[in-house]
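Chain and residue survey
Read off the chains here:
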Amino acid sequence: MIDVPDDLAVNLRDHKGAAGREFAVALPGLAGRFLEEWGLRPDGDVMCGMCALVVPVVREADGLGAALKLQMVDAETVDEPVALRVWGAADAGVVGLLEHDAATGTMLLERLDERRPLTGLADAREAVRVLAESLARLVRVPAPPGVRRLADEAARMLAETPGAAAALEDADERRLLLDCAAAVREVAGEPGDRLLHWDLHYANILAGRAEEGRADEWVALDPKPLAGDPGFELFPALDQRFDASEVRWRFDLLCGVLELDRERARAWTLGRVLQNALWGIRRGRPRLFADHAEIARQLLGRD
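Residues numbered from 1 in each chain as written. Predicted model: local features only at pLDDT ≥ 70, side-chain atom pairs only at ≥ 80, totals over all residues. Heavy atoms only, no water.

**A short note on the nonpolar core**
The condition that has to hold: Here, nonpolar core means buried Ala, Val, Leu, Ile, Met, Phe, Trp, Tyr and Cys residues that are tied together by side-chain atoms lying within 4.5 Å of each other. Relative accessibility decides the category of a residue: with a 1.4 Å probe and only protein chains considered, values under 20% of the type maximum give buried, values over 50% give exposed, and everything between is partly exposed. Secondary structure follows DSSP: runs of H or I at least 4 residues long count as helices, runs of E at least 2 residues long count as strands, and numbering of each begins at the N terminus. Any two residues whose heavy atoms approach within 4.5 Å are treated as being in contact.
Ranked by internal contacts, the top residues of the largest apolar core, which has 72 residues, are Trp-87, Leu-131, Leu-177, Phe-232, Leu-234, Leu-254 and Leu-274. For this core, the element with the most residues is helix 8 (residues 262-282), which contributes 9 residues. Apart from residues lying up to four places away in sequence, Leu-254 is in contact with Leu-131, Ala-132, Leu-135, Leu-234, Ala-237 and Leu-238. Residues Leu-12, Trp-38, Ala-66 and Leu-108 belong to the second largest nonpolar core, which totals 20 residues.

Set out below in structure tokens:
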């Protein structure tokens, strides 16, 4: 029997409501089903992200180490297997997809070295360079038809902004939010067509396994696929391992490695600040996240 970590059960309840609670209850049975159907045996402690359970496994047929990933299918996750296949065919540096069950969203993935996430790299600037190089490989690939579009996300954000701004209790933050929306409005007519990861932060890059001869490779995982402009990808690298004194350096490095137009990248990064602010306001948060506000101020030249 697979035990569901308490943190995962709480996240599913908080973010997915009743459906999330039901999914958490069903997870042990779902894991058991695919362990049997795909001929797998558990091989280590289970892991979890915000809304997914990952079971390290060994495939009985050939002894291959792999990872069984179980998650709720929603707008953010439904295209994950599609994106992994497209990136895999393009040798774009993503985790390999071995099996997929479309009905449940369950995936069997290549096993990476969970002991060596990019978060463990002591040199923060080197970690940014690794992340930038991973992004550059991903965004060179055009998005396949049917993937959710940044154009639609931008339209929703802009429609929601006036009411959300009114809910902020700080006047300076209201102006900041409206300025982020104004920046998005300037580029919304050209939303881009690249296949985006959307959530490439340092914990979503792991080293390959020495057993497969990939110990010197960094591999991206856990995408929330989106078709759009690569400038929309930069925010996690600025926000995670946050250092206010490094924001401009990181932004310039990312733009250089990805060969981006700096002004367009600035506008779409402000769009990520807007997206996160709207998420918080919908959940009753009356202030911007402090790090996010600082990033916006620096990109707008107000520090």
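**Some words on the pairing of strand 3 (residues 52-59)**
Applied cut-off: Strands are treated as partners if at least two bridges between them are detected by DSSP.
Most of strand 3 sits out of view: 8 of its 8 residues are buried. Taking every second residue as pointing to the same face, both faces of strand 3 are buried, with Ala-52, Val-54, Pro-56 and Val-58 on one and Leu-53, Val-55, Val-57 and Arg-59 on the other. Pairing analysis gives 3 bridges linking strand 1 (residues 40-42) to strand 3, with the strands arranged antiparallel. From the neighbouring strand, Arg-41 faces strand 3, where its bridge partner is Val-58.

**Some thoughts on the sheet that holds strand 10 (residues 218-220)**
Defined as follows: Fitted lines through C-alpha atoms give the axes, limited to the stretch in contact for helices. The angle between two N-to-C directions lies from 0 to 180 degrees.
Pairing in this open sheet of 3 strands is antiparallel, and the strands run 7-9-10 from one edge to the other. Pairing within the sheet leaves two strands with one partner each, and these edge strands are strand 7 (113-117) and strand 10. Put simply, the sheet's adjacent strands are angled 55 degrees from each other on average, direction ignored. As judged from the 2 bridges shared by strand 7 and strand 9 (residues 205-207), these two strands associate in the antiparallel manner. Among the inter-strand pairings, Pro-117 is bridged to a residue of strand 9, identified as Leu-206.

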